[in-house]
Structure formats: structure tokens, C-alpha cells
Amino acid sequence: SRELRVIGTGPLGPKGEAAGPEPDPESSGSIRRYLARLSALRPLPGPDREGESGRRTELHLLFDQLISENCGPGAPGPTEDVCALLVQACQLVHLNQEHLVNKVCQLIHHLLNRFQVVVDEQNLDFLLSYSISALKQCSSWTHTEILQALAALVYNNGPNCQKYLPDLLGKSGLLVQFSDLAQPDVELRRAAVHSMANLCLSVPGQPYLDESYRSLCFQTFLSVLQSSKTSDVDDITFCMLLQNALKGIQSLLNGGKMKLMQTDQLGFLLAVLKKCMFYGLPGLNVEMPAVLYSAPLPQYDGRSPVKPEQSELSTVKKKSKGKQKKGQLGEEVKEELESDIGDGAIHGMDIFQLHSGNAQNSPCLNPWNRTLDAAYVPAGKDHLSCYPSWKRISSSESEYSDAEGGIQSKMRSYQAKVRQGALACFLSTIKSIEKKVLYGYWSAFVPDTPGIGSPQSVSLMTIALKDPSPKTRACALQVLSATLEGSKQFLSVAEDTHDHKRAFTPFSVTIASSIRELHRCLLLALVAESSSQTLTQIIKCLANLVSNAPYSRLKPGLLTRVWNQIKPYIRHKDVNVRVSSLTLFGAVVSAQAPSPEVQLLLQQPSSSGLSNSGTATPRHVSSSEWWRRALPSEGEPTDTWESSSSEPCWLIRLCISTVVLPREDSYSDSDTSFTASNVYEPSPVRLESLQVLALLVKGYFSVAQSYLLELGEVACKCMEETDPSIQLHGAKLLEELGTGIVQQHKPDSTIAVNEKVPVSLVVTFWTMMLNGPLPGALQNAQHPTLQTSACDALSSILPEAFGSLRDDQQILCITLLLGLNHSENPLVKAAAARALGVYVLFSCLRQDVMFVADTANAILNSLQDKSPNVRAKAAWSLGNLTDTLIVNMEMIGQSFQEEFSDLLLLKMLRSAIEASKDKDKVKSNAVRALGNLLHFLQPYHIVKPRFIETIKESIQALISTVQSEATMKVRWNACYALGNVFKNPALPLGEAPWTAHAYNALTSVVKSCKNFKVRIKSAMALSIPTQRECYGTTEQFSQIWSALVIALQKSEDTKDFLEFKYSASLRTQICQALIHLLNLANSTDLPFIRKTIAENGDMIRSYVSQYMKLGVEEDEAGIHTNSHERERLLKRAIEHICGIEEVSEGKAKVVVAAYLEDILTNHINSTELTEA
């Protein structure tokens, strides 16, 4: 009866009812018929031996019919009927009828798998009880089938099995016993591990296994993976055992509960995963340690390379010479390769192993440090003779190959599944540990350039280059891609721009070497691969590498190789390869942009690199080379742009043509899945092209600016389409174009005037936008994401160009933004609030009191919104609006202040006070606004009763924020705001009760804040008042002086190394503040100053002398001071002190003046010596 066992649809049972298609009515009817027949049978009363024998025969026939009639894969069946049938069958079979128990368990396993049924809780109770009782009572020969049934029952049902876990997973639980390494029956052990793995599957929203069970299962799976196959064990059974153990660990990790906290636990797991990653891989005999340890330097792990015969090597080399002249595979050679290797992959590692046969006699040659051209040598039939015959398998990876058949083909398939399972488990491991922990094992899984004469250590790239299964190669690349994702900080230490000549290899050079080797291996895999799915993974992996590698610290040339190798794939027949190729181009143009290397690549001729692209360069189905077509310029022939020597950027042309030009031909069957319009390229290709254009404009605007109007037309065309994604990317492109123009025209821009886009052309550009689909996109309430992007685009208009637009277009922009500020969608409202904050800074609008008032009311409305994002954007805009008020006050004067509504000003103050109590993102700009508003107030405002209390609350809000535990940015802004308050001479600084609180807050920060930038800003605020009266009493003045002296003394005390770089700036600002106070001191202040000089004179002298010697410095207020200016301020301070009339007979004046004169004299003498 064991021979009747049916293998299920997958190693772990059914895939879940919800995932499949609708139930098959025919199957449903068939199940009901059998259910009726089983229901008609009743257990026989009494010991009727003859009747029992007949009943057994009838049941055997019924079960056999059920299994044979439903032997193929089927649609999901009726859950209730299947469960009822299985329960009825079990009720009819007593546990002493072992052959029938065996068969009913086959039936449970088979039907649940075939119909993808997850048993409901009530029926599960009965069937699980039956199975567990059968395991306890029946003979051992039935146990394997019972465990198969158990595995199918618990699949996706773990949370409903809680009360049975002690029986199954307790200390002497059934699954624990059967899965023990001492269990002699490996098939039985496999079935037990299978059941245990299915129990570990998590169900969303349901409780997971307890910690004790998780640990037990994890240790069981780990022990299985660490065990070795003995000679009496069947290869396929052992493969299935490993697969189930790997799937179990993956389920534990994916459940989100299993955390690999202990280092040794992770080390043991990674060691077995690395071992299983190479399981059954031809030509490798990997000897792995039992545990991997986290280390910054590569660990050595040996392998046994295949050693080919010399005659085979010479044959390959002879063939290489003949083929290399072509530079590119012909179609006939490609077909020959595909027929010989099957999946079309040229396994680069074997090619290198062949080369290394020659290198053994020449130790100075490194077999892995070949140029990429070595990988492009096509392998003919003679080359393949050194491959084992089983290496030529079909890319479909079916379990039984028609060409070869037999057990070996089946075994290779199972071995490949073990490798895939190990890689999938590794992927789950990566997601369940911190990246900084993972990178401790970098050298165990990522290739590094070996030393001279050393073999290449096995790594993920070994599988990507060598594995005969395309699916396994793709899995390895997925794992490598996940490892590289987010690795920017780790890889940033790499550096190889200078040849190091040291006795040891620095870690930075080791990582740089690893990055270079990754580039080399991935490009090798690229030209060797012809499976489209795997090719896509290679290119995605390259994109992740390019996004994270620190190219500015590496020798140039890496990006050039990637660029030239990927060019042909943008016209590959498979749409996914084309999309990923464009993604890689996007990664290159955004990699630490702008890069001189990429700048040159963008300007190279469009044909460069297309003819020398390697053996596996994909050929387009049409010879028309569609991608070289582009939008013709006026008077330019449509088919000659590629050969034009003045062509600035072929990539921009390619992307434009991909987005806007109709396609002339089809590519492959994969395109048919995209049901958008067949007129254009598939939507993903067009979207990726738009993404590349946006990144190119962002990073290399100087290259893109010659296409400004053409790219504007592309953005317009996209926004006019019906596909929301295309519309959105069109708006994003427009925003990047606008931002690029604004950056170019900034006052601090280093770009020459004649190289900037002329303002007249920018006006033409925005006129085209506003006459086009942009206003419609802004009003498209059905697509709020598009409205948001359109708002961002409209805010990127150049201020000078806005002023030159027609009045009606200016009014249109303002009206649209003010209207969108009332949108119910928080994304749209936030974007509109931010855009208004940009517009209020425009010189042509900021003096318009009505516009400023309308904008203020709109922003105050958004500041009350329930969305934190809307409030944060509104607070930023309020800060900008108050900056405008200050600019107007300084440029226009009192007329603007008088015209601006007092009521609105009061409303702004009160809103800013409330906003200063909000979250930090809102608070940081709210305090900035408060500082500006208090600076803007005029004497007539301050005396008004309704203003007095609000002013007091505003200043208290600033003081509280300075003293709070808010983020450093918030406290920095609060210190800046108090400095702004001190600039308003109309405020009663020095007399008002809040004066002492304000100074106490600033002096506390300047002495003790962890962040030096906040200390600098508080020192600057303390040096702003211009009258001695503003500093209050002698006691208050002394406290400020004392705090600054202490701050100077502590200016190098920090535990955070990052803060240390600001210590010199802090001392400069404190010295400026001290000299400023000396210039204002009166006779009552001098005794305390004399006392501090007596106590800390040497320290003060040292730092003030350093300050005097500095070159041209810019202080926090943006004022540049040089050595002569500082001399003048110190002289003025000495003169001021000498001119003070002391009320008593004390000598404080003389002592302080002499002390300062000594500092000045020493400075002048040292300056003269230096100049001499």
C-alpha cells in the first residue's frame, strides 16, 4: 500500500484556498457522489468478521477510485465537502485496520493538496486527533503516510493546532521523536520535519508559536541541515529532507518572531546556509566550518576546482582566437550555444578554471584578474566536452527531462531546489537581522579579488556564474541585491584612488577590492546570461551596486564599463530586461552626481559601445534600431541624428523617443501582458524612461538644458495622457526642469552667465506649460497625487521668469494655489501651502500687501489642519512669509508696516504661539516665525493693550523652546529667534520681566548644550543688543559675562566627535560676544570682569589671541570679519574702558585695560614678525 503514496503539489502541501481559481463544478459533483457513498456505509454492529472483510474491500476500492480519479492537479474544491468526506472516511476506518489507515492518510494528503483546502477548525480537531492517535497506536510502517497527512492538515492552520502542540512538539512529542537524528528511517524523519515546517508557517493576524516551540523547531531544522548524508540514504529523499528544514527556518524567520540575537546562533545558521547554497553544484567541493564568525577581513574557505586536460584548454584557446575577431556573436553561434548548453548560459567560472590551468606554471598571473574580454569568448562544442554531460539541462528545470530522463535528471532538479531553498532562507535571514550585523559576514558571501596564486573563494557570485539552473542563479542574485541594498554607509569606507604600499592591506582597500570584483563578476554574468528572468536580476543587482558604491573614492572606469556593457540591453526583446536596463542607467546618472566620468559618458557618441558588447548581446527582432530615432529638430533629417557629431546626449534622445514615439514592431510575448496602448512602448518602459530623464535633469542639468523646450513638450504630452502614472511622471519631470533652472540662477551659483538658460527662454518654457495641460492637472480632483506633483512643479518656477509672465498667467498661478490650499486632500493641501511659501519670497509679489495678506490667511488656515504634514508645510511657509515682512520692513520702511493689518499680525502671532507647542517639524518653523514677527513690531503695536499679553506669551514660547528637550534644529531656531527679538529697539529689553528669563535660557544653553551649533547660535544672540541698558542690571550683565567665559573654557569638552569640528567656530563667536560686552560695559561691571580675568586670564588670553590671528571669518550672522576689523573692535573696547569714570577708588578699569592692551600688543608684534 505504501507504493500508492501520491506526491503532493509542492514540498509543503497546499497553497491556500484563497489563492486559487474558482471551485470546479465537476470536481464538486464528484466529491459529493463519493461523500454520499461513504455516508451510506455504517460501522458494522458486533463482531461480524465476514461483513468486516467485505467492508474493508469496499473501502479500499472507494479510496483507490478517489485517488485515481483525482490524480491530476485541480482547481480548488468545495472545502465543506472535502472536509466532510475526509471525516466520514476516518470514522469508517478503525485504527486497528492499518492498511486502511495508511490509505485514508494518503487520501487526506492527496485531496487537501489537490483541492488546495485549508481544513476548518471543527473538522481539524477530529482529523488531528485521529492522526495523532494513529501515530501512537499503529505500526511504524504506517507512520510516514500518517505524517504526510498531518503535514497537509496543519498547513496554514498552525494557530488552530495550539492544544495539540504538547503532543507534537513537547519534550517527548511525536514530531520531536521522529525528526531526531537518531531516527534510522530517513523517509520518516523527512515526513516529521515536513510536518514541523508546516506548523511553523505564520498566519496573518493570528498568534504565532510560543518561544519554546520556536527554539525547539529551529534547533531541529539546524541539526538536519548540519547532518551529512550517509551512503545508505537515497539522494532524493535527503534533498527533500534538506528542503523541508530550510523551508521551516524560512517560516520561522518570516513569522517576524524569530530574532537571531545570539552571534553563535547566526554563525551556525549562515554556515549551513552557505553549505546548502552549493549543494550538488558541479565542480565544487565546499568544505565549510561549523560556524561563521563576524569579521571585517575575508575568511578563507577552500574549494576543489575542476582541472581540465591540457588538450581541452588548447582547443578552447584556438576557438577563442577565431571568434574574438567578430567582436559579437552571430545568430548561428548563439543558436549553437543555446542548443549545446540548453539554458544559454556561458558559465564564466568554468571558463576561468580552464584559463587557470595555464596559470599554474606562472604564479605571477592571477586567473581571476582577467579583462572582461576573456568572458566574451564563445564556447563551442569542443569547449563543452569538458563539462559533465548532465550539465546540459533545459531552462525549464522540469523534474524529468525528455532529452535525458532517468534518476539523474530528477536528482539534479532536487539538488537545485535545495540550493534555491538555502538562498530563499538566506534572503529571509537578511531581512530579520540588522544590516550592520550582516556586514560582519560580508567576506563570506561577497567575492573579493584573490591574492596572486590564491583560488577565488566561493561566494554568491560563484552561483550566479556557475549554477546550471537559471532559477538558482536568479535566487543568488536576489540575495546579493538584498545584501547591497542600504549598504552605502558600509561601502563608503572603500578607497583605492591611491596605490597603497604597506605591509598590511587596510580595510578600506579590502572593501574597494570587493566592490571592483563585484563589478567584474556581475558584468561577466551579464554577457554570459541568456535567461531573461536571470538577466533582469543581474541588471537589478548592478543597479543596487551602483546606487551604493562610493565612486568618488574609487579609481575611475567602473561606471564606464557598466555603461558600455548595458547599452545593448535597452533594446532587448524582453520588456523586463529593457525596464531594468533603464533602471540601471538611472542609478548611474544619480550615483554621486555630478560625476566627471558620467558627464563624459553622456556626451559620447550614441553608437559608442554598441558593437562591442559581448557574446550574449541580445539582438533586436527588427533591424530598424528603433531606439535611435528621436524627435527631429526643425530642418534635421529624421534618421541621421545618431551620426550627428554635435549630438549632446544620446541617452536623452533615447528616453524621449521611448516616451513619445510610437513603436514600429513588437518584441516578445512578455509585452502582451501590458494591456495599455499598443501604439507606444509598454507602460513600464516609458515610466522608467521618464524616471531616467528626471534623474538626468536633476544630476546633469548642464547636459539636459539644451533640450529644455523639447523636454517641456514631453512633460506636456505625458500630462495629457489618460494613464495616471504617465501623467504623474510627466509632472515630476517638469518639477526637476524647473528646479534645475532655479538652482542655476541662484546668486551663489558658480555657472557663467552665458552658460545659464536665458530668462527669456525660461519665460517661453513656462508660458508653454501654463497654456498646456498644467492648469488642468492642478484642477484634476480625481487624481490628487497628480495635483500634488503639479503644485510642486508650479512652485519650481524661476522668480525672475514669473515676473515676466503676462498678468493673467500670474493671476492664474496664484488663484490655483490659493484654491488648492482649501483642498480636502492633505497631500494637495500641503503642496499648495508649500508653494505659497515659495511664491511669497518672489520679489515681484512680496511688496504686494494684498497678496501677502491673502497668503497669510491661507497659511494660517492650513496651520490648523489635522494633518501633521500640512501643518509642517504651513509652518515653513509662515516662516518664509515673516522673512518677507522683515525684507519689506528694511527695504520699504514704515509705509508697508502701517499698511499691513494689525489684526492679521496679531492672528499670526497667536497661531505661531500655538504652533510652537506642536510637533518638532512644525515647532522649528513656528519659532522662526515668532522671532521675525516680534522683530517686525513697531512702537505703536507694542503699546496697544491687545498686543502686550500676546508679546509676553510669544517671548515665553521662545524661552520655553530654548530650554526644552526638543531636537537641536528646533532649539537652534529658537536661539536665532531670540536674537531677532533683541534686534527690535521698540521692545523693552532690559526693563521687562521676561528679560532675565530670556538671558538665563541663552546662558544655560551656551554653557551646557550638547550640540555646538546651538551653543554658537546662543552666543550670537547674546552679542546682539547694542545698548548697555538692554543687558539689565549689573548682576544680569555679570551672569552673561561669566557664562561666556565658562563656555569658552568648555569649548573643547565634548563626548561626540562630530561636534568637535564646530569648537573653533564656537570659540570665535564667544570671543566676539566678550569683546562686544567690553564695548558696552559700565563702571559697575568692571569689578566682576577684573575678577574673572584674575581667575581665568591665561585661558581667555590664549583663546582671544587665537581669535585675533584668524583669517577672514564669517560669523553666524553672515558678517565677514578680518584680522584688521577684529583689531579695531578690540582697540575700541580698550578706549571705551579707559573712558569710563569709576565711582570708587578701585583699580578695575586700569587692570582690565592693561590686560586687553597686553593682548593687543602681543598680537600686533606677532603679526609684524610674521609679515617680516
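Structure's up top.
So, here is what we can say about the structure in this document. (Residues numbered from 1 in each chain as written. Predicted model: local features only at pLDDT ≥ 70, side-chain atom pairs only at ≥ 80, totals over all residues. Heavy atoms only, no water.)

**Here's the deal with the packing of aromatic side chains**
- If you walk through the whole model with that rule in mind, you get 20 aromatic pairs.
- Between Tyr439 and Trp442, the ring centres sit 5.9 Å apart and the planes meet at 65 degrees, which makes this aromatic pair edge-to-face.
- We classify Tyr439 as buried; its relative accessible area is 8%.
- Taken together, Tyr439, Trp442, Phe490 and Phe507 form an aromatic cluster joined through their ring pairs.
- Directly above the aromatic system of Phe445 lies the positively charged group of Lys274, at a separation of 5.8 Å from the ring centroid.
- We note Arg686 situated over the ring of Tyr680; from NZ or CZ to the ring centre the distance is 4.4 Å. (Phe/Tyr/Trp six-rings, centres within 6.5 Å; stacked < 30°, edge-to-face > 60°. Buried < 20%, exposed > 50% of the residue type's maximum accessible area, 1.4 Å probe, protein only. Lys NZ or Arg CZ within 6 Å of the ring centre and 35° of its normal.)

**What about the pattern of salt bridges?**
- Within the structure shown, the criterion is met by 27 salt bridges.
- When the shortest N-O distance is used, the salt bridge between Asp902 and Lys944 registers 2.3 Å. In this pair, Asp902 sits in helix H43 (residues 902-915) while Lys944 sits in the loop between helix H45 (939-942) and helix H46 (945-963), placing the two residues 42 residues apart along the sequence.
- Linking Arg1028 and Asp1085 is a salt bridge whose minimum nitrogen-to-oxygen distance equals 2.7 Å. Here Arg1028, found in the loop between helix H49 (1012-1022) and helix H50 (1034-1049), pairs with Asp1085, found in the loop between helix H52 (1063-1078) and helix H53 (1086-1109); they are 57 residues apart in sequence, far enough to count as distant. (Salt bridge = Lys/Arg side-chain N within 4 Å of Asp/Glu carboxyl O. Helix = DSSP H or I, 4+ residues; strand = E, 2+ residues; numbered from the N terminus.)

**Comments concerning the environment of Cys975**
- By the element assignment, Cys975 lies in helix H47 (residues 968-982).
- Sequence separation of Cys975 and Arg1015 is 40 residues, and the distance between their C-alpha atoms is 8.8 Å.
- Apart from the residues within four sequence positions on either side, Cys975 is in contact with Val962, Leu1002, Val1005, Val1014, Lys1017, Ser1018 and Ala1021. (Contact = heavy atoms within 4.5 Å.)

**Observations concerning the packing of helix H3 (residues 79-92) against helix H5 (residues 121-137)**
- Close contact between H3 and H5 brings their axes to 10 Å; oriented N to C, the two are set at 35 degrees. Along this stretch, H3 crosses H5, giving a crossing that reads as left-handed. Mapping the contact onto sequence places Cys83, Leu86, Val87, Cys90 and Gln91 in H3 and Asn123, Phe126, Leu127 and Tyr130 in H5.
- In terms of residue class, the contact of H3 with H5 is built from seven nonpolar, two polar and no charged. (Axes fitted to C-alpha atoms, helices over the stretch in contact; angles between N-to-C directions. Left-handed = near helix turned anticlockwise from the far one by under 90°. Nonpolar A, V, L, I, M, F, W, Y, C, P; charged D, E, K, R; others polar.)

**Brief notes about the environment of Gln956**
- Structurally, the position occupied by Gln956 is in helix H46.
- Between the C-alpha atoms of Gln956 and Ile913, which are 43 residues apart in sequence, the distance is 9.3 Å.

**Section: the side chain of Ser532**
- Examined against the element boundaries, Ser532 turns out to sit in helix H24 (residues 532-548).
- Under the relative-accessibility criterion, Ser532 is labelled buried at 13%.

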